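Below are the chains, spelled out letter by letter.
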Amino acid sequence: MTEPGKPVLTGGCQCGAVRFAVSAAPAKISICHCRMCQKATGAPFASYADIEKADFAWTKGIPSAFRSSSIAMRDFCSACGTPLSFRRIDGPRIEIMTGTFDRPDHVVPTRQYGTESRLGWVVGIANLPSQTTQQNYGPEKMATIVSHQHPDHD
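Residues numbered from 1 in each chain as written. Predicted model: local features only at pLDDT ≥ 70, side-chain atom pairs only at ≥ 80, totals over all residues. Heavy atoms only, no water.

(A) Spotlight on the nonpolar core. Grouped together as the largest cluster of nonpolar side chains are 11 residues: Leu9, Phe20, Val22, Ile29, Ala49, Ile51, Phe56, Ile94, Ile96, Phe101 and Val107. If you list the elements that add at least two residues to this core, you get strand E2 (19-22), strand E4 (46-52) and strand E9 (93-97). Sequence-distant contacts of Phe101, defined by excluding residues within four places in its chain, comprise Leu9, Thr10, Gly11, Phe20, Val22, Ala49, Ile51, Ile96 and Val107. (Core = buried A, V, L, I, M, F, W, Y, C linked by side-chain atoms within 4.5 Å. Buried < 20%, exposed > 50% of the residue type's maximum accessible area, 1.4 Å probe, protein only. Helix = DSSP H or I, 4+ residues; strand = E, 2+ residues; numbered from the N terminus. Contact = heavy atoms within 4.5 Å.)

Now the structure itself:
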């Protein structure tokens, strides 16, 4: 922490009903390709920041939870459906979805798990043709879009 009591990282769900703060750097940041994570996120893989529960707090709202296996719970926002975390039942850590951080660029994965379920096309994503959102929609359409998403800050 840079200042006493100031969180190192903050984040929350898409609608802002659930917010969190982290007071220490994550122990590890990883990607999981397992089938359960694919289903839980609706994506080809999940990305998590592993945090000691003592260094983590829900600062606004309380997420709903789903027991996805005999050993784990997955937290999500009941208002907007944003997947927020994976945590082992009675474990000392919580793994927060990296896309839910206000600054996801500060939580860079350094390892992968569940690679037996990694989709073959994932490795080539960086080589696909790409566009910015502005290029995809155009400036006229972008000017008409009103976001209902919570800003990336408290």
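(B) The sheet that holds E2, seen in detail. Read from one edge to the other, the open sheet built from three strands follows the order E1-E2-E5, with strand pairing classed as antiparallel. Strands at the two margins of the open sheet, each flanked by one partner only, are strand E1 (9-12) and strand E5 (56-60). Neighbouring strand axes in the sheet, compared pairwise and without regard to direction, differ in orientation by 25 degrees on average. (Pairing = 2+ DSSP bridges. Axes fitted to C-alpha atoms, helices over the stretch in contact; angles between N-to-C directions.)

(C) Structural view of the environment of Ala40. As for its placement among the helices and strands, Ala40 is situated in helix H1 (residues 35-41). Note on Ala40: relative accessible area 33%, which makes it partly exposed. Residues Ala40 and Lys6, spaced 34 residues apart in sequence, show a C-alpha to C-alpha distance of 31 Å. Ignoring any residue separated from it by four or fewer positions in sequence, one finds Ala40 in contact with Arg74 and Pro83.

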